[in-house]
Amino acid sequence: MKNHREKVIIRTSIISIVSNLVLVGFKTTIGLISNSIAIISDAVNNLSDALSGIITIIGTKLANKAPDRNHPHGHGRIEYITSLLVSAIVLYAGLTALIESVNKIIHPEPVDYSPVTIIILSAGIIVKFALGIYVKKKGKIVNSDSLVASGTDALNDAILSTSVLISAIIYLVFSISLEAYVGAMISIFIIKAGIDLVKESVDNMLGTRVEGNLAQKIKREIIKEKDVHGAFDLDLHDYGPDRYLGSVHIELPDTLSVVDVDRISRRITKNILDKYGVLLHTIGVYSANTQDKNIMKIKSDITKIVFSHDGILEMHGFYLDKAENTITFDIIIDFKKPNREEIYQDILSQIQDKFPKYKINITLDVDVSD
């Protein structure tokens, strides 16, 4: 599967590179002949796309290197570093094109469009639209953020090239030159795209919240397992596209043996890996009281206290240990609440006052997944 993904990314990137280089050649030629900064800016944009494709190929090859002693989880995150390099190229292309466009606005020069210019620009737009649709489709198939971004960028380029074509037609029909302004507009779009790419790359390297739909699917799959009362604290670490390692807590009845727990954990690990390609290397266990109705009443009372406070997202892992006289559970408070610690202390205080016989242990958990 990994080798297939690599082949698809490389093949698609090569098609994109060749197409962009052909467009660069044509657009640079007609841009120089017609003295059009808009067309030259468009050519620079295509050149940055070609360079991005080359970097994507290099990144994909390096990311697929086998794990080693120093990198036991593989080299998948290299794709995020190469994405950052692509972002830098896009930003540079946009800034240089903007400077040149502004210079043309301040010091306008005559342009010389021709019917050949219109034909080449029109052909370039068609190529870009087709390329964008193709690359984006392939990117979704193999779950490659780089390809999806490249495809989206190609579609945006087609729209920008259309604006260049329109400005050329306006000049031919009305002798009004808008090309410097169009060049500036294209540059701004390129810069914005570069900034968005930088943000996405940095987010991936810092680590972002796991995609909600995936988290919910995994939790729903886990609780299908017999005796699992709940799945909580799912935490996935991204080691590159489609490379997740993670951990989760499951709630099990306090009547199960260690052998029972081991069997359940192993089945969950295999099932999630087979269905979602996610390796749950750690499955923690919360023991759930199931034999004492009085404990169930205490849990109900505590649950009411907890959820009487604003901002509580979840309470889980409740267990009352009679031998130790302890009550233990976790709560999750919305990140949007600036006074999370105050809410936590208030809950702890109220519960301790109501149940002075027990030592109350509440863990303020982190909202890591939906």
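The structure we're discussing is the one just above.
Residues numbered from 1 in each chain as written. Predicted model: local features only at pLDDT ≥ 70, side-chain atom pairs only at ≥ 80, totals over all residues. Heavy atoms only, no water.

(A) Quick peek at a nonpolar patch on the surface. There is a patch of nonpolar side chains on the surface, built from Ile169, Leu172, Val173, Phe174, Ile176, Leu178 and Tyr181 and spanning about 670 Å² of accessible area. For the nonpolar patch, the leading source of residues is helix 5 (residues 145-174), giving 4 residues. Here valine 173 shows up in helix 5. Exposure remark for valine 173: the relative accessible area of 55% places this residue in the exposed category. (Patch = residues over 30% accessible without salt bridge, like charges linked within 9 Å, V, L, I, M, F, W, Y side chains within 5 Å. Areas by Shrake-Rupley, 256 points an atom, 1.4 Å probe, with all protein chains shown as cover. Salt bridge = Lys/Arg side-chain N within 4 Å of Asp/Glu carboxyl O. Helix = DSSP H or I, 4+ residues; strand = E, 2+ residues; numbered from the N terminus. Buried < 20%, exposed > 50% of the residue type's maximum accessible area, 1.4 Å probe, protein only.)

(B) How the structure looks around the pairing of strand 1 (residues 230-238). Of all 9 residues in strand 1, 7 are buried; the element is thus mostly enclosed. As defined by bridge partners, strand 1 adjoins strand 2 (residues 244-253) across 7 bridges and the pair is classed as antiparallel. Across the sheet, the residue bridging to aspartate 238 is tyrosine 244, located in strand 2. (Pairing = 2+ DSSP bridges.)

(C) The pattern of salt bridges, seen in detail. Applying the stated criterion across every chain yields a total of 12 salt bridges. One salt bridge in this structure joins aspartate 196 and lysine 192, with 2.9 Å as the shortest N-O distance. Highlighted residues: aspartate 196 and lysine 192, both in helix 6 (residues 179-206), separated by 4 residues, approximately one helical turn. A salt bridge links aspartate 301 to lysine 297, with the shortest nitrogen-to-oxygen separation between them at 2.8 Å. One end of the pair is aspartate 301 and the other is lysine 297, both in helix 9 (residues 293-307) and 4 residues apart, which spans about a single turn. Here lysine 297 falls in the partly exposed class, since its relative accessible area comes to 48%.

Purely spatial values, then, with no claim about function.
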